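# Architecture at a glance
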Amino acid sequence: MADLLKRPFGAHGKVHEITPQSAGWRYVGFSLYRLRAGETVGEATGDREVILVVVEGKATFQAAGESWGELGERMSVFEKTPPHSLYVPNGESWTATATTECTIAVCSAPGMGGHKARRIGPEGITLTERGKGVNTRYINNIAMENEDYCDSLLVTEVFTPAGHWSSYPSHRHDEDDFPRITYLEETYYHRINPSDGFGIQRVYTDDLQLNETMAVHDGDVVLVPRGHHPCGAPHGFEMYYLNVMAGPLRKWRFVPAPNVEWIMKRDA
């Protein structure tokens, strides 16, 4: 059984730390801090670029030799307001001091020195509807392909209403064959509302050599090294996830699963 489901290893401080080495892949890193007001954390980026996403709460940031002031607005991620984020290139460092209880995601990938530190959002980020019927979900694009903010990272938020599916129709991005498909590793940081609920995520390849179906709970992270990766939110429970993707090319091109390709064409 593949070890794709990562539970938080605490309720305070750094509660997730996924590196390319621990994940057994090459590009994506993801860690998460849950801080109390007044606490400070910081890291050097080394050879990696990072996007710091203020998932909930507020904090003041210093990064790349500059003060960025207080970032953050929503106190619950399910307010669905645009996130405040900060891009920090490789070869720099950052610190964050919580001004309220806060949750900060550290999304990382190889950096090449091609972009300067910058604030990302909330200006310019609009909650966008995608899909049809019970495949409808809502997207906050933080740094996808159209936003030339990063060397490698692709980062987005998705809100899936209760009873709906997302990352569906099933699709994969696990081959380096642009423009048909790109190789992108991916992490999903899940939140569930109410928090005692659960969601479902399946990760599987066409040949079913990888075929895992997981119950995800509030605060879990799922790794997607390859294959398709749809998510479902049961009736009564709303699902959020923060996606981090990276690979050799900063493009998002995918191929649908053969048995659902007709759905994708019908709903296009």
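Refer to the structure above for everything that follows.
Everything quoted here is computed from the prediction, not taken from an experiment.

This part takes up the overall build of the protein chain. The helix and strand inventory of the protein chain stands at two helices and 25 strands. Taking 2.2 N^0.38 as the reference for a compact globule, 268 residues should give roughly 18 Å; the C-alpha atoms of the protein chain span a radius of gyration of 18 Å, in line with that estimate. On the principal axes, the C-alpha backbone points of the protein chain span a range of 50 × 40 × 35 Å. Here the protein chain holds 268 residues, and 53% of them are scored as buried. Of the contacts made within the protein chain by residues no fewer than 6 positions apart, 73% connect residues no fewer than 24 positions apart. Here the protein chain displays about 11400 Å² of accessible surface, and carbon together with sulfur accounts for 50% of that area. When the 26 basic and 35 acidic side-chain charges of the protein chain are each reduced to a single mean position, those positions are 3 Å apart.

Our next topic: the sheet that holds strand β4 (residues 40-44). Two pairing modes exist for strands in a sheet, parallel and antiparallel, and in both the strands are linked by backbone hydrogen bonds. Taken together, the four strands give an open sheet; going across it, the order is β4-β9-β6-β7, and neighbouring strands pair in antiparallel fashion. This sheet does not close on itself; its edge strands, each paired only once, are β4 and β7 (66-71). Direction aside, neighbouring strands of the sheet carry axes that sit 15° apart on average. In this structure, strand β6 (residues 59-63) lies alongside strand β9 (residues 93-98), joined through five bridges in antiparallel fashion. When the bridges of β9 are listed, F61 appears paired with A96.

A word on the pattern of salt bridges. Under the defined criterion, the tally for this structure stands at 18 salt bridges. Salt-bridge contacts for R172 lead to D174; the nearest nitrogen and oxygen are separated by 2.7 Å. Considered together, R172 and D174 belong to a single accessibility category, that of buried residues. A salt bridge links D177 to R180; the shortest N-O distance between them is 2.8 Å. A residue is classified by how much of its surface remains accessible, and D177, at 36% relative accessible area, is partly exposed. Looking at R180, the relative accessible area reads 40%, which means it is partly exposed.

In this section: the sheet that holds strand β12 (residues 128-130). One open sheet accounts for seven strands, arranged β1-β22-β19-β24-β14-β13-β12; its pairing is antiparallel. Each end of this open sheet is capped by a strand with a single partner; those strands are β1 (5-6) and β12. Here strand β14 (residues 154-160) runs beside strand β24 (residues 238-246); their pairing, made up of seven bridges, is antiparallel. If you follow L154 over to β24, its bridge partner there is M245.

Here the focus is the pairing of strand β22 (residues 221-224). Burial of β22 is two-sided: the residues V221 and L223 facing one way and the residues V222 and V224 facing the other way are all buried. In this sheet, β22 lies alongside β1 in antiparallel orientation, the contact comprising two bridges. Bridge pairing in β22 places K6 opposite V221. The pairing of strand β19 (residues 185-193) with β22 spans four bridges and is antiparallel. The partner of T187 across the bridge, within β22, is L223.

Turning our attention to the packing of aromatic side chains. Centre distance and the angle of the planes are the two values used to describe a pair of aromatic rings. With the rule as written, the count across this model stands at nine aromatic pairs. Relative to W94, the ring of Y33 lies with its centre 6.3 Å away and its plane at 80°, an arrangement referred to as edge-to-face. Of this pair, Y33 sits in strand β3 (residues 29-35) while W94 sits in strand β9; the two residues are 61 residues apart in sequence, bridging distant segments of the chain. Here Y33 falls in the buried class, since its relative accessible area comes to 8%. Seen from their ring centres, W165 and Y168 are 5.9 Å apart, and the 45° between their planes marks the pair as tilted. Members of the aromatic cluster, connected to one another through ring pairs, are F78, F159 and Y240.

Conventions and cut-offs
- Residues numbered from 1 in each chain as written.
- Predicted model: local features only at pLDDT ≥ 70, side-chain atom pairs only at ≥ 80, totals over all residues.
- Heavy atoms only, no water.
- Helix = DSSP H or I, 4+ residues; strand = E, 2+ residues; numbered from the N terminus.
- Rg over C-alpha atoms; globule rule 2.2 N^0.38 Å.
- Buried < 20%, exposed > 50% of the residue type's maximum accessible area, 1.4 Å probe, protein only.
- Contact = heavy atoms within 4.5 Å.
- Areas by Shrake-Rupley, 256 points an atom, 1.4 Å probe, with all protein chains shown as cover.
- Lys, Arg positive; Asp, Glu negative; His and termini not counted.
- Charge placed at Lys NZ, Arg CZ, Asp CG, Glu CD.
- Pairing = 2+ DSSP bridges.
- Axes fitted to C-alpha atoms, helices over the stretch in contact; angles between N-to-C directions.
- Salt bridge = Lys/Arg side-chain N within 4 Å of Asp/Glu carboxyl O.
- Phe/Tyr/Trp six-rings, centres within 6.5 Å; stacked < 30°, edge-to-face > 60°.

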